[in-house]
Amino acid sequence: DEEEEEEEEEEEAPMKVTATVEAVHVDHAIAKYKAQKKYGTYSGKQLSHKEVLTGMFRILAAYLQVTALAQAVPIEWPEAVLTIFRGMERISSPSLSMTSVDCAIAKDDPANGNGGAFYKKFYTMMAVPLAAVGVPFLIYGTYYIVGIMAIGCCGCKKWPARKTKEAFKHAKMLDDMYTEARTSRDEAADKHYEERNKRKRRVNLRILRRKGRLYNVKTLAQYDAFRHWNRTANRYLITVILILFLFYTTISKSIVSAFACQKFGEEAYLIADFSVDCNGEEYLNFVPNAMFFFVIYCLGIPYAAYRILRRYIDGIHYDPMRAISPENPKTPGHELDYVENDATRILLMREKHTSHQSFGFLWQGLNEKGHAPYWEASAVTLRKLFMIFIVMMFQDSNKNIQMVIALMGLFVFTACHINVKPYDSFVHDKLEILSLFVSQATMFVGLIANFLKDDQKSDRRNLTEVEAENWNLALGGVIVFCNLIFMLLSSSSFFFLYVSTWYATFIEIPIHYII
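Just so we're clear, the structure is a prediction, and the values are computed from it rather than from any experiment. (Residues numbered from 1 in each chain as written. Predicted model: local features only at pLDDT ≥ 70, side-chain atom pairs only at ≥ 80, totals over all residues. Heavy atoms only, no water.)

### Details of the overall build of the protein chain
Point 1. Secondary structure summary: the protein chain contains 16 helices and 3 strands in total.
Point 2. Residue burial in the protein chain is summarised as follows: out of 515 residues, 42% are buried.
Point 3. Residue pairs at least 24 apart in sequence account for 71% of intrachain contacts in the protein chain once pairs closer than 6 positions are excluded.
Point 4. Accessible surface, the protein chain: about 28,500 Å² in total, of which carbon and sulfur atoms supply 63%. (Helix = DSSP H or I, 4+ residues; strand = E, 2+ residues; numbered from the N terminus. Buried < 20%, exposed > 50% of the residue type's maximum accessible area, 1.4 Å probe, protein only. Contact = heavy atoms within 4.5 Å. Areas by Shrake-Rupley, 256 points an atom, 1.4 Å probe, with all protein chains shown as cover.)

Next up, the structure:
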């Protein structure tokens, strides 16, 4: 009897373990569902104010930049619609005053006036990214030098912020653990690579392993100087990234316009400046330069953002509230999984902190899982580049075809967004979808207006000029109404979402009821 009871217990033991695991999963799912309803996020986490601001700014900037490109489509938009488009472009895409540039060119070369103005304006615009890197460098370089002088000569504790010896010892201990974890993981990654591929790496990771940030810091004064340097570098990087992404649409339009030519029989002239002969030797010598800038700026800026985030993606994917496992953070199949220990946790937390502090503009507000953190650097920038390419390069084609291709592209990006759901907040996610629908509605109404215009030119027209003008005004009113409603909705959502994050700790507000 005892043997039979032991056998029954052995048979029931796996079933009990399975039931316990299932119960834990159910409890976790219920808790996550309640957190999702409470905070209005897919992750079940409360949004910080910085994430609210970053997400709303990212959505509105992309919406304004994409919709404003419609003014370049050869359609007779009503004046009210053009006014809105110009306002959107002025707000979302800062640019150089081309009128001022023309005057400067004429002043510098009074004999030829504005001869060759397109090339001069083009290279002036190509200098903007260099200025975005150089000017902040001078400003923050001065800030850093003054701070170092203050640390060495002044006993002020407020600026630059000083630390105690105990804080320095604690930071040094954490940094040593980071170095240990980094070294251990790189060595294990080398071994894993050799076992998987049956050969050694061409460059051994142990040679390239990163020492801790405080590896050469020995004294408290050096630690204060390092913190000042780190804070200055982070602010410099944030400023450069922000300026480059703000000017991305303007720079891309200037580059793509260098390839847009219009044919007149056998002749072809540049649409941006009809004095430029696209078959001329000067222009043909210029094209390789334009292609170079297209690769460096139009493709290089989003790729650089992707590579920056790729460096910290494991830290972004890591959930500190859960144990480290093959699923937390989830690594690609060819890479080594992380091992649970204090040093590894410090490594991942440092990567997560750095990604928030220095590069949060690129991904904060987005979901931390899968490919969602890359959404701004990939899908959003490609959407802008696609619209710029369609608007600028198809000006010599049938404008109806141009509008249809633009609508098809926006539909594909909308489908991708619905499939990925890149934003963590329900409100951000719905606003992004709504912004895409409003952009499509704007293009679609413009297409209808263009059909009416073509119908008026045909022999079978059935509307008088007055009726056609009234229809055109009505369609313009629809465009204005849709865009104003979206702007009003996004503003009210921002207000309620921002306020709710302040009071979510004290008042149980289900954020998903806001929109």
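### Comments concerning the confidence of the model for the protein chain
Close reading of the predicted structure is inappropriate where its pLDDT is low.
Point 1. When pLDDT is averaged along the protein chain, the result is 79, and 80% of the positions lie at 70 or above.
Point 2. Per-element confidence in the protein chain ranges from a low mean pLDDT of 49 for helix H7 (residues 205-208) to a high of 92 for helix H10 (residues 281-311).
Point 3. Low pLDDT, under 50, characterises residues 505-515; the stretch is placed with 24 contacts to residues that sit more than four places away or in other chains. (pLDDT = per-residue confidence, 0-100.)

### Details of the state of the cysteines
One covalent bond between the sulfur atoms of two cysteine residues makes up a disulfide.
Point 1. Going through the model one piece at a time under the given rule, you end up with 1 disulfide.
Point 2. The disulfide that involves Cys261 links it to Cys278, with 2.0 Å between the sulfurs. Across the disulfide from Cys261 to Cys278, rotation about the S-S bond amounts to roughly -95 degrees, and the bridge is consequently left-handed. Here Cys278 lies in the loop between strand S3 (273-277) and H10 and Cys261 lies in strand S1 (residues 261-264), a separation of 17 residues in the sequence.
Point 3. Judged by its relative accessible area of 7%, Cys278 is buried. (Disulfide = S-S within 2.5 Å.)

### Points about the pairing of S3
Point 1. Here strand S2 (residues 267-270) pairs with S3 via 2 bridges, running antiparallel. The residue bridging Tyr269 from the neighbouring strand is Asp277, located in S3.
Point 2. With antiparallel pairing between neighbouring strands as the criterion, S2 and S3 make up a hairpin whose turn holds 2 residues. (Pairing = 2+ DSSP bridges.)

### Examining the environment of Tyr215
Point 1. Tracing the chain through its elements places Tyr215 in the loop between H7 and helix H8 (220-246).
Point 2. A relative accessible area of 41% places Tyr215 in the partly exposed class.
Point 3. Taking the C-alpha atoms as reference points, Tyr215 and Asp176, separated by 39 residues in sequence, lie 7.6 Å from one another.
Point 4. Dropping the residues within four chain positions of it, Tyr215 is found in contact with Lys172 and Asp175.

### What to know about the sheet that holds S1
Point 1. Strand order in the open sheet formed by 3 strands is S1-S2-S3, with antiparallel pairing between adjacent strands. Where the open sheet ends on each side, the last strands, each with one partner, are S1 and S3. Shown here is a sheet whose adjacent strand axes are inclined to one another by a mean of 45 degrees, direction ignored.
Point 2. Pairing between S1 and S2: 4 bridges, direction antiparallel. Looking at S2, one finds that Gln262 is bridged to Tyr269. (Axes fitted to C-alpha atoms, helices over the stretch in contact; angles between N-to-C directions.)

### A few points about H10
Point 1. The end-to-end C-alpha distance of H10, which contains 31 residues, comes to 44 Å, matching closely the 45 Å that a straight helix rising 1.5 Å per residue would cover.
Point 2. Largest kink in H10: about 50 degrees, centred on Gly300, with the proline Pro302 one to four residues after it. (Expected span 1.5 Å × (residues − 1). Bend = angle between axes of the 7 residues up to and from the residue.)

### Some thoughts on the packing of helix H6 (residues 165-197) against helix H12 (residues 342-363)
Point 1. Close contact between H6 and H12 brings their axes to 8 Å; oriented N to C, the two are set at 100 degrees. By the angle between their axes, H6 is roughly perpendicular relative to H12. Side by side, H6 and H12 meet where Leu174, Asp175, Met177, Tyr178, Ala181 and Arg182 of the first sit next to Asp342, Ala343, Thr344, Ile346, Leu347, Arg350 and Glu351 of the second.
Point 2. Here the residues of the contact of H6 with H12 are counted per class, giving 7 nonpolar, 1 polar and 5 charged. (Parallel < 35°, antiparallel > 145°, perpendicular 65-115°, else oblique. Nonpolar A, V, L, I, M, F, W, Y, C, P; charged D, E, K, R; others polar.)

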